[in-house]
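Examination of the molecular architecture
Each chain is listed here by its residues.
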Amino acid sequence: MQARRDELPPSVDVRDLVVQFRVRAPGVGPRVVVRAVDGVSLRVGRGATVGLVGESGSGKSTFGRALLRLAPASGGSVRIEGEDVLGAGHRELRALRQRAQMVFQNPIGSLNTRMRVGRIVREPLDIQRIGDRVSRRARVRELLDQVGLPRDAEGRYPHELSGGQQQRIALARALASAPSLIICDEPVAALDVSIQAQVLEVLKDVQRATGVSYLFISHDLNVVRHLAHETYVMYLGGVVEHGPSASVFASPRHPYTRGLVAATPVADPERARRSPLLRGEIPSPMEVPPGCRFHTRCPFAEERCREEAPVLGETGDGGRVACHFWRELPREDPRAAPTRGGA
Amino acid sequence: MAAGTETVLDVENLRVSSGARGERRVLVRGVSLTVGRRRTVALVGESGSGKTLTGLALMGLTPAGTAVAAERLLVGGVDLTRMSEPEFARVRGRRIAMVFQNPMEALNPVLRVGHQFSQVLTRNLGVSRSDARDRARELLDSVGVSDARRRLGQYPFEMSGGMLQRMMIALALAAEPDLLVADEPTTALDTTLQAQVMALLAERREDVGMGMVLVSHDLGLVAEYADEVNVMYAGRVVERAPTREMFASPVHPYTLALLRTVREIASPGTDRLSSIPGSPPPLDDPGSGCAFAPRCSFATAECTAVVPELKGVAEGHDVACVRSER
């Protein structure tokens, strides 16, 4: 089984994806081209969970949407189970969207509130003409079971259920067409921690049962580390670090990843309070700095960083990092790293 | 609280209810808090725990149709329960101020920020408009906004959430209040900004010499920035302790379960997360007895019969659970 899986094309294989928008600057300015996603490559193997982390404005959500052509790609390629997405015609695209689904942050915003839960979950089967009436009904029951919703949820409206249950509905609906990949965009960000844990467990259960793979987009490092086998870190449209989650979070190499890890609160008052490693804010995607896109906030930036963009290079232990100086940076725990004056 | 610390907030048995007489629904059921100068007391809980409503009640800003009552609500020694609304309005922004989760919603979108600063400063500080402009620049300086002049000429939408929240903090602290209520002040911000803004709040707390009530859902944040933690559930404080004590030896089953979940999510080795079954009850209908009983793995018949009171289990550590009473 494992060998077979490896021979199959990955759930999604993205190469050098570019998404750009023409926008007007605030006030009355000329139209400018914003590269929200600037040449990102990413791969999610069958049955795997891949995390994509970054702050607002990093382009992570746009990237996720572009995989299903919900945002316009202007370069690169996207293959879902080996099939081309960007060049697909209307019918092919429809078929591809059976194989890759999306779950969003705010479940109530993505569910039709006038439909009962049973119909919401059944609708993809109706639209895709999967099975007959009897088998669809059985399938809906199976899906509700799979996401841990009670049977009587079928006849209720989304607003009668809690936020955690609504997110389970969204997941059940996404699973209806038996996709190979679900793109989860901040699926637990709006939920309380006790409910987050429930939904994360459901995601894991579903993966064990169906072999679905997840692209898990989140700003929450703890959640991503918990769930994802490997993680990509995005900053201003580009990937700055990628590797097995364990090493990305335990020994981050890129100064941005280190700053993110250092800024994540830990529920332990005995630990020394972190001093913010990163100063300032992520620049506007309309004004991506030249050279290394991170140099304006990097405490370690040097002349070269302002001029030459680093490429994503192998670290030799399964990871990749886009930094000229990652080898030379002090290796101590990023939490203890002093705030240093930069550019 | 440490001896010799001046108390800036002393609230006893705070209650918030809504609805008309006869069908009153109680939402916050008797919260008592004491905050000392240069101290941060956290109210933590999940959505619907009543933590935000409690914060708003301290400010006299609960939604229309709600009523606030308390045995005592002293801010800087002044009893707010005895005040008429016009009197309260003079205290608000001066002795007691608030920072909200979403700075974009706290500002008027069609007015330049500088204009809004001078409105607030002339009102709260009683200074002239030109003095207000100078003061605004100083205030922005104090929160690390370097190009104050340009910023004051901008509209809220021209700025990032992090920049706006710095400005809101500057504005809230303009009159050097005795007490700041910070309601999820960094929840809308990215992680790296969260660290910056919390560091700023801690620094300004020292400089201004105020007390702070930090309303948050984030136990990690609270662990790092609060001196005392109050865990709220269904409109009540179910456990209160100094921060170190709370995280080292929590007693209430709800606190235990929350902390366990947060720590499990944060530790990579956890295979299966132990989530709390079910979800919190509606604020206005916590059921009979202990509101957490239906979700509690230790619940007995006794738990659904009586509402447990907050009782001391150690110095400064109170718990509302029948198990801790034995």
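Everything below is about the structure printed above this text.
This one's a predicted model, so the numbers in the text were calculated from it and none came from an experiment.

A word on the overall build of chain A
For chain A, the helix and strand inventory stands at 12 helices and 12 strands. Each of the three principal axes of chain A carries a C-alpha extent, and together these read 65 × 50 × 50 Å. In chain A, which comprises 343 residues, the proportion classed as buried is 52%. Long-range contacts, defined as pairs at least 24 residues apart, comprise 65% of the intrachain contacts of chain A with a sequence gap of at least 6. Accessible surface for chain A amounts to roughly 15100 Å². Of this, 47% is attributable to carbon and sulfur atoms.

Some words on the interface of chain B and chain A
Contacts between the two partners involve 45 residues from chain B, matched on the other side by 40 residues from chain A. When the buried area of chain B at its contact with chain A is split by residue, Thr192(B), Glu224(B) and Ile265(B) rank highest and sum to 19% of it. Between the two partners, chain B and chain A, sit 20 residue pairs in polar contact (both at pLDDT 80 or more). When the residues that make up the side of chain B that touches chain A are grouped by side-chain class, the tally is 20 nonpolar, 15 polar and 10 charged.

Side note on the pattern of salt bridges
Taken as a whole and judged by the stated rule, the model has 40 salt bridges over all chains. Linking Asp13(A) and Arg43(A) is a salt bridge whose minimum nitrogen-to-oxygen distance equals 3.5 Å. In this pair, Asp13(A) sits in strand β1 (residues 12-24) while Arg43(A) sits in strand β2 (residues 31-44), placing the two residues 30 residues apart along the sequence. On the accessibility criterion, Asp13(A) (11% relative accessible area) is buried. In this structure, Arg25(B) and Asp284(B) form a salt bridge, with 2.6 Å as the shortest nitrogen-oxygen distance. Remark: Asp284(B) occurs in the loop between α11 (253-266) and α12 (301-305) and Arg25(B) occurs in strand β2 (residues 25-36); sequence separation between them is 259 residues. Judged by its relative accessible area of 40%, Arg25(B) is partly exposed. One network of salt bridges, in which partners are shared, links Glu201(A), Lys204(A), Asp205(A), Arg208(A) and Arg272(B).

Comments concerning unusual backbone geometry
You will see that Leu236(A), though not glycine, has its phi angle at about 45°, which is positive. Its place among the elements puts Leu236(A) in the loop between β9 (230-235) and β10 (238-244). Given a relative accessible area of 2%, Leu236(A) falls into the buried group. Look at Glu176(B): it is not a glycine, yet its phi comes out positive at around 45°. Tracing the sequence through the fold places Glu176(B) in the loop between α7 (161-172) and β8 (179-183). When its relative accessible area of 46% is taken as the criterion, Glu176(B) is described as partly exposed.

Regarding the environment of Arg204(B)
All names here are of chain B. Positionally, Arg204 belongs in helix α8 (residues 191-208). The class of Arg204 is buried, set by a relative accessible area of 11%. Between the alpha carbons of Arg204 and Thr255 there is a distance of 30 Å; along the sequence they are 51 residues apart. Leave out the neighbours within four places in its chain, and Arg204 touches Ser142, Leu173, Gly209 and Met210.

Observations regarding the pairing of β8(B)
Residue and element names in this part refer to chain B. Counting buried positions along β8 yields five of five residues, so the element is predominantly enclosed. Neither face of β8 is left uncovered, since the one carrying Leu179, Val181 and Asp183 and the one carrying Leu180 and Ala182 both have all their residues buried. Bridge count for strand β7 (residues 96-99) against β8 is four bridges, and the pairing is parallel. Residue pairing for β8: Ile96 is matched across the bridge by Leu179. Pairing geometry for β8 and strand β9 (residues 211-216), over five bridges, is parallel.

Things to note about the nonpolar core
With 95 residues, the main nonpolar core has Leu171(A), Ile182(A), Leu200(A) and Phe247(B) as its most contacted residues. At eight residues, helix α8 (residues 193-210) of chain A tops the list of elements feeding residues into this core. Look past the residues within four positions of Leu200(A) in its chain and what remains in contact with it is Val188(A), Phe216(A), Val223(A), Leu227(A), Ile265(B) and Leu273(B). Core analysis: the next-biggest nonpolar cluster, separate from the first, contains 39 residues, Leu107(B), Val145(B), Ile169(B) and Val197(B) among them.

Focus: the packing of aromatic side chains
For the structure on display, the rule yields seven aromatic pairs over all chains. Arranged with centres 5.2 Å apart and planes meeting at 85°, the rings of Tyr233(B) and Phe292(B) form a pair that is edge-to-face. With Tyr233(B) in strand β10 (residues 228-233) and Phe292(B) in the loop between α11 and α12, the pair connects residues that are 59 residues apart, well separated along the chain. Each member of the pair, Tyr233(B) as well as Phe292(B), carries the same accessibility label: buried. By the ring-pair criterion, three or more aromatic residues cluster together here, those being Tyr235(A), Tyr256(A) and Phe294(A). Here the guanidinium or amino end of Arg323(B) rests over the ring plane of Phe298(B), the centre of that ring lying 3.8 Å away.

A short note on the sheet that holds β9(B)
The strands that make up a sheet are held in pairs by hydrogen bonds between backbone atoms, and each pair lies either parallel or antiparallel. Residues and elements named next belong to chain B. The mixed open sheet is built from eight strands, whose spatial order is β7-β8-β9-β3-β10-β11-β13-β12. Strand pairing shows two members of the sheet lacking a second neighbour, β7 and β12 (311-314), which therefore form its edges. Here the average twist between neighbouring strands, direction ignored, is 25°. Examined bridge by bridge, β10 and strand β11 (residues 236-242) share six bridges and lie antiparallel to one another.

Rules and cut-offs
- Residues numbered from 1 in each chain as written.
- Chains lettered and ligands numbered in written order.
- Predicted model: local features only at pLDDT ≥ 70, side-chain atom pairs only at ≥ 80, totals over all residues.
- Heavy atoms only, no water.
- Helix = DSSP H or I, 4+ residues; strand = E, 2+ residues; numbered from the N terminus.
- Buried < 20%, exposed > 50% of the residue type's maximum accessible area, 1.4 Å probe, protein only.
- Contact = heavy atoms within 4.5 Å.
- Areas by Shrake-Rupley, 256 points an atom, 1.4 Å probe, with all protein chains shown as cover.
- Buried area = accessible area lost by both parts, 1.4 Å probe.
- Polar contact = N/O pair within 3.5 Å; in protein donor to acceptor, adjacent residues only side chain to side chain.
- Nonpolar A, V, L, I, M, F, W, Y, C, P; charged D, E, K, R; others polar.
- Salt bridge = Lys/Arg side-chain N within 4 Å of Asp/Glu carboxyl O.
- Pairing = 2+ DSSP bridges.
- Core = buried A, V, L, I, M, F, W, Y, C linked by side-chain atoms within 4.5 Å.
- Phe/Tyr/Trp six-rings, centres within 6.5 Å; stacked < 30°, edge-to-face > 60°.
- Lys NZ or Arg CZ within 6 Å of the ring centre and 35° of its normal.
- Axes fitted to C-alpha atoms, helices over the stretch in contact; angles between N-to-C directions.

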